[in-house]
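Structural characterization, general
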Amino acid sequence: MIKFTKMHGLGNDYVYIDAIHQLIENEKGLAKFVSDRHFGIGSDGLILICKSDNADFKMRMFNSDGSEAEMCGNGIRCVGKFVYDKGLTDKTEVTIETLAGIKTLQLNAKEGKVETVRVDMGEPILAPEKIPVMAIEEPVKSLKVRGMGQEFLLTCVSVGNPHAVTVVEDVENFDVEKYGKILEVASVFPNKTNVEFIEIVDKQHIKMRVWERGSGETLACGTGACASVVASHLNLLTERHVWVELLRRDFGNRVE
């Protein structure tokens, strides 16, 4: 028997397991099983909270297809709440080791429970070989990729994991599944990529839908929201402080 907790950040849901006090084997297979929304628990993936020699805790994040990812913005915020609410730490500043490096979380706790978590995502990576993407320009702001008869102009950013951001006119009615699964595996992305489709509302407001590498379309993506703001600002489409509106209108990410 494995004890687990299901949590979500802005609808981006994962199954969380304390792998410090439980032995977890076949992580990739377990991720595929628990993520199945018909025969499993149902989630965008699996996140394990593990011991770390370099930080307070280590986070391992697996997509719903079993592939392991470097980082997850919504996931790491939920890890912060998990370790505090479960009594694994009494600190309100927590460091988490990830495949994208060590991230620092600020926990806002009230009456023994975490209400909000703020994470320092670090500086965006724009060097093409570090994203990675097969391109010459730096930053990569005009990468042309064709898919299903349509050409996309992509801006590529890494926020610990790879992202390709493209602007569309009507994001709510855009066929994210049709084009997302093609762009994810485009040959210019050696490790595949997350794909953000964004609509510019004004200089302080964008709408975003995301096709996550290894999971498909999800309701939210923290690293994707950050990448979308970086891409929008690089292309002079927005200011530095931007409201990112997701599929759920009652949710949103303020990215600065």
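Our subject in this report is the structure included herewith. (Residues numbered from 1 in each chain as written. Predicted model: local features only at pLDDT ≥ 70, side-chain atom pairs only at ≥ 80, totals over all residues. Heavy atoms only, no water.)

**Considering the overall build of the protein**
Heads up, the condition is: Here a strand is any run of E in DSSP of at least two residues, a helix any run of H or I of at least four, and the numbering for each starts at the N terminus. The atom set for the radius of gyration is the C-alpha atoms, and the globule formula is 2.2 Å times the number of residues raised to the power 0.38. Note on exposure labels: buried denotes an accessible area under 20% of the residue type's maximum, exposed denotes more than 50%, and partly exposed covers the range between, all computed with a 1.4 Å probe on protein chains only. Computed by Shrake-Rupley with a 1.4 Å probe, the accessible areas treat only the displayed protein chains as cover when residues are assessed.
A tally of helices and strands in the protein yields four helices and 16 strands. Relative to its length of 256 residues, the protein is compact, with a C-alpha radius of gyration of 18 Å against a globular reference of 18 Å. Overall size of the protein, expressed as C-alpha extent along the three principal axes, is 50 × 35 × 35 Å. Out of the 256 residues in the protein, the part that is buried amounts to 52%. About 12,400 Å² of surface is accessible on the protein, with carbon and sulfur atoms providing 48% of the total.

**Observations regarding the packing of aromatic side chains**
Stated precisely, the cut-off is as follows: Any two of the Phe, Tyr and Trp rings considered here, Trp counted by its six-membered ring, make a pair once their centres fall within 6.5 Å; the pair's planes then place it as stacked at under 30 degrees, edge-to-face at over 60, or tilted in between.
This structure, assessed with the given rule, holds six aromatic pairs. Ring geometry for Phe152 and Phe174: centres 6.3 Å apart, planes at 85°, overall edge-to-face. In this pair, Phe152 sits in strand 10 (residues 150-158) while Phe174 sits in the loop between strand 11 (162-167) and helix 3 (176-184), placing the two residues 22 residues apart along the sequence. Taking 5.0 Å as the distance between ring centres and 35° as the angle between the ring planes, the aromatic pair formed by Phe174 and Phe197 counts as tilted. Remark: Phe197 occurs in strand 12 (residues 194-202) and Phe174 occurs in the loop between strand 11 and helix 3; sequence separation between them is 23 residues. Residue classification places Phe174 among the buried residues on the basis of a relative accessible area of 14%. Members of the aromatic cluster, each reached through a chain of ring pairs, are Phe152, Phe174, Tyr179 and Phe197.

**Notes on helix 1 (residues 27-35)**
In plain terms, the rule: Picture the helix axis, draw a direction to every C-beta atom, and the arc is the one those directions span. Pairs of residues are marked as contacts when any of their non-hydrogen atoms sit within 4.5 Å.
Here helix 1 has its buried residues at Leu30, Ala31, Val34 and Ser35. All buried residues of helix 1 fall inside an arc of 120° around its axis, so they share one side. Among the structural elements, strand 2 (12-18), strand 3 (45-50) and strand 4 (57-63) are those in contact with the buried residues of helix 1.

**A few points about the environment of Gly80**
Structurally, the position occupied by Gly80 is in helix 2 (residues 73-85). Residues Gly80 and Thr116, spaced 36 residues apart in sequence, show a C-alpha to C-alpha distance of 9.1 Å. Residues contacting Gly80, with those up to four places away along its chain left out, are Leu105, Leu107 and Val114.

**Here we look at the nonpolar core**
Where we set the bar: Here the nonpolar core consists of buried residues drawn from Ala, Val, Leu, Ile, Met, Phe, Trp, Tyr and Cys, with membership extended through side-chain atoms lying within 4.5 Å.
If you look at the biggest cluster of nonpolar residues, it comprises 44 residues, and the most contacted ones within it are Tyr16, Met59, Val79, Ile96 and Met208. Dropping the residues within four chain positions of it, Tyr16 is found in contact with Phe4, Thr5, Met7, Ile47, Ile49, Asn74, Gly75, Cys78, Val79 and Phe82. Ile131, Phe152, Leu154 and Val176 belong to the second largest nonpolar core, which has 21 residues in total.

**Notes on the pattern of salt bridges**
To keep things clear, this is the line we draw: By salt bridge we mean one thing: a side-chain nitrogen of Lys or Arg within 4 Å of a carboxyl oxygen of Asp or Glu.
Evaluation of the coordinates by the stated rule reveals 10 salt bridges. The salt bridge involving Glu68 is made with Arg60; its shortest N-O contact spans 3.0 Å. Using a relative accessible area of 29% as the deciding quantity, one classes Glu68 as partly exposed. When salt bridges that share partners are traced, they join Lys6, Asp13, Arg37 and Asp44 into one network.

**Quick notes on the side chain of Thr193**
What counts is decided by this rule: By the criterion applied in these results, polar contacts are pairs of N or O atoms within 3.5 Å in which, for protein atoms, one can donate a hydrogen and the other can accept it, and in which residues neighboring in sequence qualify only through two side-chain atoms.
Tracing the sequence through the fold places Thr193 in the loop between helix 3 and strand 12. The exposure class assigned to Thr193 is buried, which follows from its relative accessible area of 0%. For Thr193, the side chain forms a polar contact with the main-chain oxygen of Pro162, separated by 3.4 Å. For Thr193, the side chain forms a polar contact with the main-chain nitrogen of Ala164, separated by 3.5 Å.

**Details of the side chain of His163**
Position of His163 relative to the elements: it lies in strand 11. Within the structure, His163 has its side chain in polar contact with the side chain of Thr223 (distance 3.1 Å). Setting aside its immediate chain neighbours within four residues, His163 contacts Thr155, Cys156, Val157, Thr193, Asn194, Glu196, Cys221, Thr223, Gly224 and Ala227.

**So, helix 2**
As a reminder, the rule being used: To estimate the expected span of a helix, count its residues, drop one, and scale the result by 1.5 Å.
Given a rise of 1.5 Å per residue, 13 residues ought to cover 18 Å, and the 19 Å separating the end C-alpha atoms of helix 2 matches this to within 8%. Counting buried positions along helix 2 gives 10 out of 13 residues, so the element sits mostly inside the fold. Every buried residue of helix 2 is listed here: Gly73, Asn74, Gly75, Ile76, Cys78, Val79, Gly80, Phe82, Val83 and Tyr84. Once helix 2 finishes, Gly87 follows within two positions and takes phi at roughly 80°, a positive value.

**Quick look at the pairing of strand 8 (residues 113-119)**
Spelled out, the test is: DSSP-based pairing: two strands are paired if at least 2 bridges between them are found.
In this sheet, strand 8 lies alongside strand 7 (residues 101-110) in antiparallel orientation, the contact comprising six bridges. Paired with Gln106 across the two strands is Arg118, which belongs to strand 8. In this antiparallel pair of consecutive strands, strand 7 and strand 8, the connection spans two residues, and Glu111 shows a positive phi of 55°.

Read these as geometric descriptors, not functional statements.
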